[in-house]
Amino acid sequence: MKQAQNSKTMNVAFLIYDQVEVLDLNGPLDVFVKANVVQPGSYNCYTVGRTMEPVNTETNTMSIIPTYDIQTSPKHDMIVIPGTNPDQVMKYLKDDDFQNIVLNWVKNNSNNGTVIFTICTGSMLLSETGILDHYDITTHSMLLDALEEHNQESNVKRGVRYIDQEQLITTAGITAGIDAALYLVGKHHGKELVNTLITLFEYQQTKVEDSMTRQ
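Attention here is on the structure that accompanies the text. (Residues numbered from 1 in each chain as written. Predicted model: local features only at pLDDT ≥ 70, side-chain atom pairs only at ≥ 80, totals over all residues. Heavy atoms only, no water.)

### Let's talk about the nonpolar core
In step 1: The biggest cluster of nonpolar side chains holds 31 residues, and the ones touching the most others in it are V12, F32, M78, F117 and V185.
In step 2: For this core, the secondary-structure elements that each account for two or more residues are β1 (10-15), α1 (22-38), β6 (78-81), β7 (115-118), α6 (176-189) and α7 (191-201).
In step 3: Top contributing element to this core by residue count: α6, with seven residues.
In step 4: Residues contacting V12, with those up to four places away along its chain left out, are F32, Y43, N44, C45, Y46, M78 and V80.
In step 5: Judged by nonpolar contacts, the second largest core, of 30 residues, contains V89, L132, I137 and L144. (Core = buried A, V, L, I, M, F, W, Y, C linked by side-chain atoms within 4.5 Å. Buried < 20%, exposed > 50% of the residue type's maximum accessible area, 1.4 Å probe, protein only. Helix = DSSP H or I, 4+ residues; strand = E, 2+ residues; numbered from the N terminus. Contact = heavy atoms within 4.5 Å.)

### Describing the packing of α1 against α6
In step 1: In contact at an axis separation of 8 Å, α1 and α6 are set at 25° when each is read in the N-to-C sense. It follows from the interaxial angle that α1 and α6 lie roughly parallel. The interaxial crossing formed by α1 with α6 has right-handed handedness. Along the contact surface, α1 presents G27, P28, V31, F32 and A35, while α6 presents G177, I178, A181, L182, L184 and V185.
In step 2: Of the residues that constitute the contact of α1 with α6, the class distribution is nine nonpolar, two polar and no charged. (Axes fitted to C-alpha atoms, helices over the stretch in contact; angles between N-to-C directions. Parallel < 35°, antiparallel > 145°, perpendicular 65-115°, else oblique. Left-handed = near helix turned anticlockwise from the far one by under 90°. Nonpolar A, V, L, I, M, F, W, Y, C, P; charged D, E, K, R; others polar.)

### Looking at the packing of aromatic side chains
In step 1: Evaluated as defined, the whole model comprises seven aromatic pairs.
In step 2: Judged by centre distance (5.4 Å) and plane angle (85°), the rings of Y17 and Y92 are edge-to-face. Here Y17 is found in the loop between β1 and α1, whereas its partner Y92 is found in helix α2 (residues 86-93), with 75 residues between them in sequence. Y92 carries the same exposure label as Y17, and that label is buried.
In step 3: The rings of F14, F32 and Y43 are connected pair by pair, giving a single aromatic cluster. (Phe/Tyr/Trp six-rings, centres within 6.5 Å; stacked < 30°, edge-to-face > 60°.)

### Focus on unusual backbone geometry
In step 1: Phi at I174 is positive, roughly 25°, even though this residue is not glycine.
In step 2: Among the structural elements, I174 can be located in the loop between β11 (168-171) and α6.
In step 3: Positive phi, close to 50°, is recorded for E202, a residue that is not glycine.
In step 4: Examined against the element boundaries, E202 turns out to sit in the loop between α7 and β12 (212-213).
In step 5: Residue classification places E202 among the exposed positions, given a relative accessible area of 74%.

### Considerations on the environment of S73
In step 1: Here S73 lies in the loop between β5 (68-69) and β6.
In step 2: Along the backbone, S73 and S123 are 50 residues apart, and their C-alpha atoms lie at a distance of 22 Å.
In step 3: Among all residues touching S73, those that are not within four sequence positions of it are V48, Y68 and W105.
In step 4: A polar side-chain atom of S73 sits 3.2 Å from a polar atom in the side chain of H76. (Polar contact = N/O pair within 3.5 Å; in protein donor to acceptor, adjacent residues only side chain to side chain.)

Rendered as structure tokens:
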């Protein structure tokens, strides 16, 4: 991990869309929110939807009103893309509206230097964008074969919790997003803040050997 102390507030956008997986979204979100509580000015977190209409989470258990839509959101330093269930992922890969509007917004930001951080099956959602090309990537174990099939220009890694490729961070299943978010807090602001968050969360972390970073 290349640690870079950073005094600049990082704008972190969380993409939300119909049937988004709740822990994929809220796990990393809470890491960055709590980091900002402990160290004010470290992160500015907000949600972004295609429109300002409420978004239903997986199985319609709750609705979330986005902070911004893709037209009005501020400049992002990082976009977090949570996943959804595998069947829904496959539907989105064939959804021209989602691809051409929502994921094109992600691609344009990526091309302009925004860091992309995918959680679980969120990486699979990017399969038609070219964002994953020539990177080491991972996803939930249930979709590793599909990720490989749809991203033949990428190197799919198995048995890792998360992979840091500087401009692209991908994670394995659901809770791996928490591990990767803690890792990124450490990268941005140091281990002491991470340890404070782990204590605050009463969180049992996975071994760091289960992750990959590009040195």
